[in-house]
Amino acid sequence: GGVERVYKRMRMKQWHYASVALPRHFVACVAFDAGYLGVGFAYVVDRETGLAHEWSTLIPLARGVTIAKSSVEGQSRVARAGFGEVVFDYTQQGARSVAIDVEGHGHRLRARLSMRDEGAPMVVTTELRPGRWLYTHKAYGLPAEGFVELDGVREEAEEGQALGGLDWN
């Protein structure tokens, strides 16, 4: 009963990752739920200067982390005081969006990015061993658009100027 549910919950590993390459910046983020621990991170790299900034948080028992129940719809989110929030939203048919608002170490990153589902994603389902299943949904090279703002300096990209990638497990 209850002990088995807790055991299964603590063994389940789920994550939602997205990245977008804009002309000047590369930005990526994750919401990860390992059952006993949650992880949130976001980072941005200035492709012209090579400067990178990263924000991350560890969350006991993954409180504040939710992963969409499906790789094709729903919402994943990680939020924690002192870190900020990352939200993956797949509620509009054919479009996926990522909202990042994180702060720390004297820097703030805000981003609102959207990607259009195009082409066929790579979807794999396999039984690793009896009763232990893996499902992964990956899509890269997706047309993307939106903005990235680091410490008040903003870069905007229209569709065709940026490419996105997604990984849901």
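Located above this text is the structure these notes cover.
Please read all numbers here as calculations on a predicted model, not as lab measurements.

A.B. asks: An account of the nonpolar core is needed here, citing residue identities and associated values.
C.D. replies: Val 27, Ile 100 and Leu 109 are the most contacted members of the largest nonpolar core, which has 35 residues in total. No other element matches the 5 residues that strand β11 (residues 132–150) contributes to this core. Look past the residues within four positions of Ile 100 in its chain and what remains in contact with it is Val 27, Cys 29, Ala 42, Glu 85, Val 86, Leu 109, Arg 110, Ala 111 and Arg 112.

A.B. asks: Kindly report on unusual backbone geometry, identifying the contributing residues and their values.
C.D. replies: For Ala 62, which is not a glycine, the phi torsion comes out positive at approximately 60°. Secondary-structure assignment places Ala 62 in the loop between β4 (52–60) and β5 (65–66). The class of Ala 62 is buried, set by a relative accessible area of 4%. In this structure, Asp 151 takes a positive phi of about 50° despite not being glycine. Within the secondary structure layout, Asp 151 lies in the loop between β11 and β12 (153–168). When its relative accessible area of 40% is taken as the criterion, Asp 151 is described as partly exposed.

Conventions and cut-offs
- Residues numbered from 1 in each chain as written.
- Predicted model: local features only at pLDDT ≥ 70, side-chain atom pairs only at ≥ 80, totals over all residues.
- Heavy atoms only, no water.
- Core = buried A, V, L, I, M, F, W, Y, C linked by side-chain atoms within 4.5 Å.
- Buried < 20%, exposed > 50% of the residue type's maximum accessible area, 1.4 Å probe, protein only.
- Helix = DSSP H or I, 4+ residues; strand = E, 2+ residues; numbered from the N terminus.
- Contact = heavy atoms within 4.5 Å.

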